[in-house]
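Architecture at a glance
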Amino acid sequence: MSASSQPSFLSSRVVNAQKPPLPYWPMFFEAQSNLWSPDNPNGYIALAVAENRLTTELVQQGLQAHSGFPAAMLYYQDMRGIPELRQAIADMLQDSFMQGVQVDAQHLSVLAGVGAVLDLLFQCIAEPGDGVLIPAPYYPAFDNDLRVRNQVTTLPVHLDPQQQDFTAALDAAAEAAELAGHPVSALMFTHPSNPQGTLFSRQQLASMIQWCLRRKVHCISDEVYANSVFDESQQFVSAAHLLQQEVRSMEGSQHAGDLVHIVFGFSKDFCASGLRVGCLLTKNAGLNKALDNIAYFNSTPCPLQWSLSQLLSDKQWLQDYLQENRRRLREAYTSVTSGLDAADIPYTAAPAGMFLWVDLRAAFGGTPGTWEDEAALWRCMAQQHRVVLTPGAACHAAEPGWFRVCYAWTPPGSLAAAVSRIAAAVKQMQASAS
């Protein structure tokens, strides 16, 4: 009997867990063993991870300055987050991307990362096999996050960004899901968008919330990049703003507190994915009561919560940090887009986040490419030119040839070389297609 046919003695649920969370993950880990640096200019340039390393040292210094904690933090505390941290987060929200909103700390839960937040949230709001509409292209790991334990079906829906009202598109997607046996229990969107770095307008946001209220399905606004809007001409509007200011006039407004949920965390805006601190803001009393119990399985260590609460309470540090982080993101964005412009590579302009949605369809030689063509281009870039991007297929792109470029993970000095390698791969594929 071969090793692969040996019994594993595991449950049937392990099948989903054994699948890699991202299809391009093995290549990324291979790249990490030989990364680009000024001393290693031929190393890999990794542009496939939505992680901000531009201001890591500021967060590290801030946490080190607040590293002490009282002995009580070694004991059991509220599993939804210690009161000091929940209040500090509420204050931070009111001082940053939820200005003008009254945030009640009792409506906040702090868990071990946004992935844990989504895992427990969907355990409470969806049944196995339920459909979740997600505007595409979207964050590739959502498929794994929702499927691996809760067995929820993610359903990409392509919305026209020129439209201000998404009702017709969402209705059509929900009807198709019903016919496929996946009744829609939620609509989830990332705002600002990952992978595009774009913002929904106030009208677009309102149309999605109104759609959910009318259909009595849950609305999840993932605002994990909300403090990373670096284009000062753009205004971010949180779902919390609409909940406080506009929802009362919507059909089904009496259900808004139970159906609209906001998630965010410290992995992206605070360069701290290793801290595992994610947050849920919801007024749903039944959901919060359930989290009083199940948050136990995904709680964040209390000493870390205490240190973070003290750091966030330092208002001057917080203001200076957010301003500097936005400045460095803007600088990195300008660097990579200048290179793309010089190379005549199109992209979607992005006022926020840490990524670009780049159009490499020119590699297909002027003909519509296939998903196999996109995969071949990705392999060419990764294996021959040593630059690793996120393929559009992983993000459920509408057509082949679009790639996500994450420009805040790699040293800023590598960005010019990265664009040069991408351009070379495109030309190589063009030549082979002609």
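Taking an unreviewed UniProt entry as the reference, the protein is identified by name as Aminotransferase class I/classII large domain-containing protein belonging to Tetradesmus obliquus.

Here we have five strands laid out as an open sheet, ordered β1-β11-β12-β10-β9, and mixed in their pairing. In this open sheet, the two edge strands, each paired with only one partner strand, are β1 (45–47) and β9 (347–348). Where β1 and strand β11 (residues 387–391) come together, three bridges link them in parallel fashion. Bridging across to β11, A46 finds its partner in V388. Sitting on the sheet, helix α15 (residues 415–433) touches β1 and β11, and the angle it makes with β1 is about 85°.

With that settled, consider the sheet that holds strand β5 (residues 184–190). Across the sheet, which stays open at both edges, the seven strands sit in the order β2-β8-β7-β6-β5-β3-β4 with mixed pairing between neighbours. The open sheet terminates on both sides in strands that have one partner only, identified here as β2 (108–111) and β4 (153–158). Along the sheet, successive strands turn relative to each other by an average axial angle of 25°, direction set aside. As defined by bridge partners, β5 adjoins strand β6 (residues 218–222) across five bridges and the pair is classed as parallel. Bridge pairing in β6 places F189 opposite S221. Its contacts with the sheet place helix α4 (residues 83–95) against β2, β7 (260–265) and β8 (278–281), and it is angled at close to 115° to β2.

What follows is about helix α7 (residues 167–179). Taking 1.5 Å of rise per residue, 13 residues should cover 18 Å, and α7 covers 18 Å from first to last C-alpha, within 8% of that figure. Listed as buried for α7 are T167, L170, A173, A174 and A177. When α7 is viewed along its axis, its buried side chains cluster within an angular range of 130° and face the same direction. Projecting away from the buried face of α7 at angles above 90 degrees are the exposed residues A168 and L179. Those residues of α7 that are buried lie in contact with β3 (131–136), β4, β5 and α8 (202–215). Positive backbone phi, at 85°, marks G181, one or two positions downstream of α7.

For the rest of this paragraph, the subject is the pattern of salt bridges. According to the stated counting rule, one finds 14 salt bridges in the structure shown. Measuring nitrogen to oxygen at the nearest pair gives 3.3 Å for the salt bridge that ties R53 to E51. A relative accessible area of 44% places R53 in the partly exposed class. With a shortest N-O distance of 3.4 Å, E331 and R327 are connected by a salt bridge. Residue E331 and its partner R327 are located together in helix α13 (residues 315–342), separated by four residues, close to a single helical turn. When salt bridges with common partners are traced through the structure, they connect E57, E324, R327, R328 and E331 into a single cluster.

Reading the values: rules and limits
Residues numbered from 1 in each chain as written. Predicted model: local features only at pLDDT ≥ 70, side-chain atom pairs only at ≥ 80, totals over all residues. Heavy atoms only, no water. Pairing = 2+ DSSP bridges. Helix = DSSP H or I, 4+ residues; strand = E, 2+ residues; numbered from the N terminus. Contact = heavy atoms within 4.5 Å. Axes fitted to C-alpha atoms, helices over the stretch in contact; angles between N-to-C directions. Expected span 1.5 Å × (residues − 1). Buried < 20%, exposed > 50% of the residue type's maximum accessible area, 1.4 Å probe, protein only. Arc of directions from axis to C-beta. Salt bridge = Lys/Arg side-chain N within 4 Å of Asp/Glu carboxyl O.

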